[in-house]
Amino acid sequence: MSKTYHFIGIKGSGMSALALMLHQMGHKVQGSDVEKYYFTQRGLEQAGIPILPFDEKNITEDVELIAGNAFREDNNVEIAYAIKNGYKFKRYHEFLGHFMNQFTSFGVAGAHGKTSTTGLLSHAMKNITDTSYLIGDGTGRGSANAQYFVFEADEYERHFMPYHPAYSIITNIDFDHPDYFTSIDDVFSAFDDYAKQVQKGLFVYGEDSNLRKITSNAPIYYYGFEENDDFMATEIVRTTTGSNFNVKHDGQIIGKFHVPAYGRHNILNATAVIANLYVAGFDMALVAEHLKTFSGVKRRFTEKVISDTVIIDDFAHHPTEIIATLDAARQKYPSKEIVAIFQP
């Protein structure tokens, strides 16, 4: 345990969460970054994790290097020094792919809904059993004795290719990140490659025509609203306090559920989580109990009330996500006028 993990670019949302998780698991952690304040550094500072300025002196024999994706030889002194002097480093996703092999790991992939679904899955699991997790909103939790690990699997630049999880959810496939992916077919090929690395069970949204074409060596379970799905959300009642629904599997109702979340997409996310935990052998009564108390993730439908106006902040940056956010707002506030301000 004497080795120190040194994070190059520790203030990144994924990097800070991973650093916190390793720290909580009892490892020695430090990192370097720019001076500018980022919201992610508060948690690091509270944990007493040293944040240093970038400096080649930080690169020493006794540290294991984890480098943020934004940093390269031409824009960072530490990476330039490491390459020049033969110090090996792993990128975040390479480190994670290796690290997760010691756990039963649960991945969450998809063009939209990854962060919310990872948050929901980790919330239910950590309340039932000892679970470590990494969520894309910059939160994570590490436990030295955890058998389970829940993480978000990002398709951008095929970053999820080092991952071989026991289980994975794929929420949907859509054309996003056009700076990297050339077409929807290119996006599909990335998800199809990832699907083949899942070991025990793959849970995919059944009404997504691309996901119906996915192949995997693991059993594939479809979830959704239709009769031909293996796990079907049914008897849905959407109110201003959340969504109620049952989940049917093999003709049987496996549980009645409530999530304090809004929008059709959040019912689907919850159904994916329920399906995965059912197949992994979790008690549905406990899952139902803990889904009720999920308070959401950062930057998703975060509300502030100013006099009689409700300001909702959401990370939606794609037309599909904007539709979902508007659907959620309409459920929670059926009689209010909704004005959307979009920052592309």
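Parameters and conventions
- Residues numbered from 1 in each chain as written.
- Predicted model: local features only at pLDDT ≥ 70, side-chain atom pairs only at ≥ 80, totals over all residues.
- Heavy atoms only, no water.
- Helix = DSSP H or I, 4+ residues; strand = E, 2+ residues; numbered from the N terminus.
- Buried < 20%, exposed > 50% of the residue type's maximum accessible area, 1.4 Å probe, protein only.
- Contact = heavy atoms within 4.5 Å.
- Areas by Shrake-Rupley, 256 points an atom, 1.4 Å probe, with all protein chains shown as cover.
- Lys, Arg positive; Asp, Glu negative; His and termini not counted.
- Charge placed at Lys NZ, Arg CZ, Asp CG, Glu CD.
- Polar contact = N/O pair within 3.5 Å; in protein donor to acceptor, adjacent residues only side chain to side chain.
- Pairing = 2+ DSSP bridges.
- Phe/Tyr/Trp six-rings, centres within 6.5 Å; stacked < 30°, edge-to-face > 60°.
- Lys NZ or Arg CZ within 6 Å of the ring centre and 35° of its normal.
- Salt bridge = Lys/Arg side-chain N within 4 Å of Asp/Glu carboxyl O.

Draft legend 1. Examining the overall build of the chain more closely. Looking only at helices and strands, the chain features 9 helices and 17 strands. The principal-axis extent of the C-alpha atoms belonging to the chain is close to 60 × 55 × 40 Å. Of all 344 residues assigned to the chain, the portion counted as buried reaches 52%. Long-range pairs, those at least 24 residues apart, make up 56% of the contacts in the chain between residues at least 6 apart in sequence. With the model as given, the accessible surface of the chain reaches about 16,000 Å², and the carbon-plus-sulfur share is 51%. Taking the average place of the 31 positive charges on the side chains of the chain and the average place of its 42 negative ones, the gap between the two points comes to 4 Å.

Draft legend 2. Just the side chain of Asn266, in detail. Along the polypeptide, Asn266 turns up in helix α7 (residues 264–279). For Asn266, a relative accessible area of 17% corresponds to the buried category. Reaching out from Asn266, the side chain makes a polar contact with the side chain of His265 at a distance of 3.4 Å. Each residue touching Asn266, except ones within four places of it in the same chain, is listed here: Ser116 and Ala261.

Draft legend 3. Summary view of the pairing of strand β15 (residues 252–259). Looking at chain direction, strand β14 (residues 242–249) and β15 are connected through 7 bridges and run antiparallel. The partner of Phe245 across the bridge, within β15, is Phe257. Taking the residues that link successive antiparallel strands as the turn, the β14-β15 hairpin has 2 residues, and the phi of Asp250 there is positive, at about 50°.

Draft legend 4. How the structure looks around the packing of aromatic side chains. One pass over the structure, following the stated rule, counts 23 aromatic pairs. Ring geometry for Tyr180 and Phe181: centres 4.8 Å apart, planes at 75°, overall edge-to-face. Under the relative-accessibility criterion, Tyr180 is labelled partly exposed at 29%. What makes Phe181 buried here is its relative accessible area of 1%. By the ring-pair criterion, three or more aromatic residues cluster together here, those being Phe106, Tyr148, Tyr167, Phe203, Tyr221, Phe231, Tyr278 and Phe282. The lysine or arginine in question, Arg212, covers the ring of Tyr222, its NZ or CZ lying 3.8 Å from the ring centre. The aromatic ring of Phe188 is capped on one face by Lys213, whose charged end is 5.9 Å from the ring centroid.

Draft legend 5. Summary view of the pattern of salt bridges. Enumeration over the complete set of coordinates arrives at 10 salt bridges. When the shortest N-O distance is used, the salt bridge between Glu155 and Lys114 registers 3.1 Å. Of this pair, Glu155 sits in the loop between β9 (148–152) and β10 (167–170) while Lys114 sits in helix α5 (residues 114–128); the two residues are 41 residues apart in sequence, bridging distant segments of the chain. On the basis of relative accessibility, which here comes to 9%, the residue Lys114 falls in the buried class. Between Asp229 and Arg212 there is a salt bridge, and its shortest N-O distance comes to 3.0 Å. Here Asp229, found in the loop between β12 (220–224) and β13 (231–239), pairs with Arg212, found in the loop between β11 (201–205) and β12; they are 17 residues apart in sequence, far enough to count as distant. Judged by its relative accessible area of 29%, Arg212 is partly exposed.

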